[in-house]
Amino acid sequence: MKPFDYRRASDAAGAAALVAEHPGAAFLGGGTNLVDHMKLGVAAPDMLVDITHLPMDRVEALPEGEGGVSIGANVRNSEAAAHPLVRERYPVLSQALLSGASGQLRNAATTGGNLLQRTRCVYFQDTGTPCNKREPGSGCSALEGYQRYHAVFGASPDCVATHPSDMAVALVALDARVVVTDAAGGERRIPVAELHRLPGEAPEQDTVLSRGDLITAVELPEMPMAARARYRKIRDRASFAFALVSAAVGLELAADGTVADVRIALGGVAHKPWRALLAEEALRGSAATEAGFAAAAEAELSEARPLPGNVFKLELVRAAVTETLGEVAAELRGEGEL
Amino acid sequence: MTATAYGRPGTATGTGPPRSDGPAKAAGTAPYAYEYRVADPAYVAPVQATVARGRVLEVDAAEAEAVEGVIAVLTHAGAPGLDTGAELSGLQRVAELAVLQSGEVSYRGQVVAAVVAETFEAAWHAAALVTVRYEQWPHDAGFSDQRADAVAPEEDHRQGEVESAAPAEVVVEQTYATAMQHNNPMEPHTTVARFEGGELFLYESTQGSYEVRRTVAALLGMEPERVHVVAPYVGGGFGSKGPLHAPTVLAVLAAVALPGRWVKLALTRRQMFALVGYRSPTIQRVRLSAGADGRLSGVDVVATVQSSHVADFVEEAAGPAKSMYAAPNRRMGHRVVRLDAAVPTWMRAPGECPGMFGPEVAMDELAWACGLDPIEVRLRNEPERDPHTGKPFSSRNLAACLREGARRFGWADRAPEPGGRVENGWRVGMGVAASAYPVVPPPGDSWARIRYEGEGVYAVSLAAADIGTGAWTALAQVAADALGVPLERVRVRLGDSSLPEASLAGGSTGLMSWGSTIHAAAEEFRRGHGERPEPGAEATGHLPANPAQDDYAMYAYGAQFAEVRVHAATGEVRVPRLLGVFAAGRIVNARTARSQFTGGMTMGLSMALHEESVVDARFGHVVNGDFAEYHIAANADVEDVQAHWIDEEDPLVNPLGAKGIGEIGIVGTAAAVANAAYHATGVRVRSLPVRLDDFIGA
Ligand SMILES: Cc1cc2nc3c(=O)[nH]c(=O)nc-3n(C[C@H](O)[C@H](O)[C@H](O)COP(=O)(O)OP(=O)(O)OC[C@H]3O[C@@H](n4cnc5c(N)ncnc54)[C@H](O)[C@@H]3O)c2cc1C
Ligand code: SF4
């Protein structure tokens, strides 16, 4: 591991400015991703700006009228998952958080760090192999390599990696936004759905953030369907495994039983948490039936471009979308657990 | 004292005292090799090859040497020499141990240089700054059974005419595959070494301190007595700490290069996937011929396995079929594919573990093809004598294990047809497989010393290694019984080459060989000093030869049962229940034995559902080499695992009547899981691991 400078930030704007000024600097959250990468040589910052002492460590209700809840960027994953405001209003977020990593990791991992964790593509983590994301222009080893955890939506010939976060998938389904402080001390809000990019020709850029942009909080708007939304994670191990495919699903039914509104976000399938807009569109206004759910999944899958090593993910998308929609619909109709 | 006095009710043997090292392990005060506090250590960081085959042209260490605290950069040009012509024991591969003795690169990840520095951080940082230029040669790291260059390491074992046997009524002919696996004990391979005044001191994570002593001494051209190896507590090995591997030699080279200085090297998890061996993948072509009644007329098993151009290691996956079932026509053979890859090694039940997968799934297929209960098919093919050697079995209680297991598991309640039971969206099935593990001669010789310390206390010492199995406890029990004293009066000392030599912890022989040796020492002691010895009285015993060894076939057996759930929509696979019944002679400590059985079964479950080292042949190395990507069963995967055993008296195996139990638990588990998955779904998976994509769309 390369020697590095360690600074403890005392305010958000100062931290942002420090990182913006030093091309080799990086924010340090829980360190569960960044420090691993430093040991592996995947990241080699010469300065760590520790932001964990900044007062961004609270989960609180947003002011009256705005509804919703704000989660500070330093709130640990385990804390966010256990917080009453999250469990009552956004249980899907709790479910997603608790399905991720292990208890020990969740105790260390922060909300900001979780959003900005990098892909688990094995070649990205292995400095001995070409990878466009790690070393732009070197090539993509996954294109003809190990693809089990790789993308089926929105990939490019330059990168077929997926974003690994479970939490982010739930946040996309909840229309959440991140609050960002920049180097000049300005603050802006970005929908989580627009935070991460597709790889295109620049897979080295995971997000739309600029150097020095500090995430200070995640805001969850009031959303009627949030209380019944659900997370389903399909993985190779019963716990402590990244998603092969996951789905965060929210549903609102009209009085006549048709779909009034719906949110479907998928994990493990793309370079970003994948909002299944085609599926949502197919469902809005249509009957909330098993056939309707299956048709919605098919609509989304028309856009899928699987790799030879992950064709099976299409079936998992189908299962995750239809089963989870079915469960939520049943609950809304008062049918209880399926 | 006669052998039959062993295990009598009320004595220490056969009960289950808790592990004597348990509190120290839990409190973190039982030190592993890296944790010894040595004065002013230097740290070793390996530099590994980034090509799979070639030659080192240049090692540019200038940047590394400029790092503050760097003491030396070792390369093949300047490293101390080793005697690469040394005669080593059959366990060792001298070519694998010839670290930094030439510039040739034979596999990716091979050690091509190393940095020694004042701090761990400086060593690792500097290692990343060493630039190695290679002449890269084309490499070949693609394992398959379709290669013309596969060689037979020995003549196939043949009886009768397996090819031209009369056409059978039922034939099962299929190809089965098991994945490459890496041992990954919790404690990574570690060496802490100091060379001073012609003596070499080692704290080492090893399954055998004497094997380390002899091997290192031979490589350095030293007297073995001048090499001292201390390893009282070892955090698992699963075979990979039996033979030595390159990192131990590298640390020793660093110690020799820096006389008088302690040097430390512990591998990272990622390095564990490159430098200390692995279980070869296997591809098993199995052909069973049988009558409609399920009686076998032919068993044909040809296993293709991976080896290395560095040195051969043959995973004997076709071995277990030799003695398993009766059939007049038989062939068992191996085909070895030598690759530009590291040398494979022992991993828990080498040969037996992968080698029982193909045949035991094939037996299940035979049962369904004949419309018979899979247990009944096995019972119908029980041999009278060992079909391989023609010798009688010292004891063979497979049938009893199958029957007892069926009763305990509720086998009779299973659905009559595959796919016949669905619960809450999960297809549920049950499967069975047989398990066997031979009583093999111990790898090495053993002596034990008993000394009366006064006040009723006896000290028992031998250099045996407890790699987490419970030997500290079980050997004290054996000694207490042999001496006829309470357990609290026995002090055991293990894991140090200054103690009498003991065989390697391997082949599930530990308790049998060390226990028999202690037994002999106790007899010697009582013969020489009687029941009222003077303080300081001492006697040494030697591992007794077993007169029955050559006249009998000796095996432990087991029956493994699995309940498997496969999600109807997603294919997710879960194993809510595993149950094993074993016949392994006398069980000395019920508590530690149960841990060995259930631990083996859990590892078998992990093999069945998860473990797979993914080699990217373009580069030549394992690309999923960490615990986030290389899955080992997590707690949530392991639900109800039960181990039982039947009372088995076998005075022929050794004076204790005990067979090995360290490995049999992993044998057959994966086949039971795959067979249960078939029963659940009707989908036959013949390649491990069994995963969700095997079922969806099906
Ligand atoms: C073995 C293992 C298994 C795992 N399994 C899962 C899983 O199943 N599901 C899952 O979702 N995750 C999983 N994870 C990933 C885990 O969730 C992330 O490592 C964790 O969330 C990262 O948070 P952190 O605070 O430790 O981030 P850090 O490592 O501190 O930072 C990560 C990145 O974010 C940047 N950063 C941190 N905070 C901010 C901020 N406020 N503003 C701007 N930039 C910031 C850092 O500079 C760095 O680039 C797993 C991790 C491991 C090691
Ligand atoms: S998929 Fe992306 S991250 Fe993986 S090797 Fe290709 S470029 Fe790198």
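Residues numbered from 1 in each chain as written. Chains lettered and ligands numbered in written order. Predicted model: local features only at pLDDT ≥ 70, side-chain atom pairs only at ≥ 80, totals over all residues. Heavy atoms only, no water.

(A) Fine view of the overall build of chain B. When helices and strands are counted, chain B shows 16 helices and 26 strands. The C-alpha radius of gyration of chain B comes to 26 Å, within 12% of the 26 Å expected for a compact globule of 698 residues. Counting only C-alpha atoms and orienting by the principal axes, one finds that chain B spans roughly 75 × 70 × 50 Å. Counting across all 698 residues of chain B, residues that qualify as buried make up 63%. Looking at chain B alone, contacts between residues at least 24 apart form 82% of all its contacts between residues at least 6 apart. A total of about 24300 Å² of accessible surface is found on chain B, and carbon and sulfur atoms cover 49% of it. (Helix = DSSP H or I, 4+ residues; strand = E, 2+ residues; numbered from the N terminus. Rg over C-alpha atoms; globule rule 2.2 N^0.38 Å. Buried < 20%, exposed > 50% of the residue type's maximum accessible area, 1.4 Å probe, protein only. Contact = heavy atoms within 4.5 Å. Areas by Shrake-Rupley, 256 points an atom, 1.4 Å probe, with all protein chains shown as cover.)

(B) Inspection of the nonpolar core at higher detail. Residues and elements named next belong to chain B. The biggest cluster of nonpolar side chains holds 92 residues, and the ones touching the most others in it are Leu288, Leu296, Leu366, Phe561, Val564 and Phe597. Non-local contacts of valine 564, meaning those with residues more than four positions away in its chain, are made with Arg427, Val428, Gly429, Val573, Arg574, Val575, Pro576, Val673, Ala676, Ala677 and Ala680. Counting residues in hydrophobic clusters, the runner-up holds 58 residues, among them Leu74, Leu82, Leu97 and Val116. (Core = buried A, V, L, I, M, F, W, Y, C linked by side-chain atoms within 4.5 Å.)

(C) Fine view of the site of ligand 1. By nearness alone, 34 residues border ligand 1, and Phe27, Gly31, Thr32, Thr110 and Asp166 of chain A come closest of all. Mapping the residues near ligand 1 onto chains gives chains A and B. For ligand 1, an oxygen atom lies 2.8 Å from a polar atom in the backbone of glycine 29 of chain A. In this structure, an oxygen atom belonging to ligand 1 sits 3.5 Å away from a main-chain N or O atom of proline 164 of chain A. Expressed as a share of its isolated accessible area of 980 Å², the protein-covered part of ligand 1 is 93%. Of all the secondary-structure elements, those providing two or more residues to the shell around ligand 1 are strand 2 (25-28), helix 2 (34-40), helix 7 (111-116) and strand 8 (214-220) of chain A. Tallying contributions element by element places helix 7 of chain A first for the shell around ligand 1, with four residues. Each residue belonging to the shell around ligand 1 can be placed in one class, and the counts come to 16 nonpolar, 13 polar and five charged. (Near = heavy atom within 4 Å. Polar contact = N/O pair within 3.5 Å; in protein donor to acceptor, adjacent residues only side chain to side chain. Nonpolar A, V, L, I, M, F, W, Y, C, P; charged D, E, K, R; others polar.)

(D) Representation of the interface of chain A and chain B. Between chain A and chain B, the residue contacts involve 34 residues of the former and 32 residues of the latter. When the area that chain A buries against chain B is broken down by residue, the three leading residues are Tyr146, Arg237 and Ala238 of chain A, summing to 21%. For the pair chain A and chain B, the interface holds three salt bridges. For arginine 232 of chain A, the salt bridge goes to glutamate 572 of chain B, with nearest N and O atoms at 2.9 Å. Elements with a minimum of two residues in the side of chain A that touches chain B: strand 9 (230-234) and helix 12 (312-332) of chain A. (Buried area = accessible area lost by both parts, 1.4 Å probe. Salt bridge = Lys/Arg side-chain N within 4 Å of Asp/Glu carboxyl O.)

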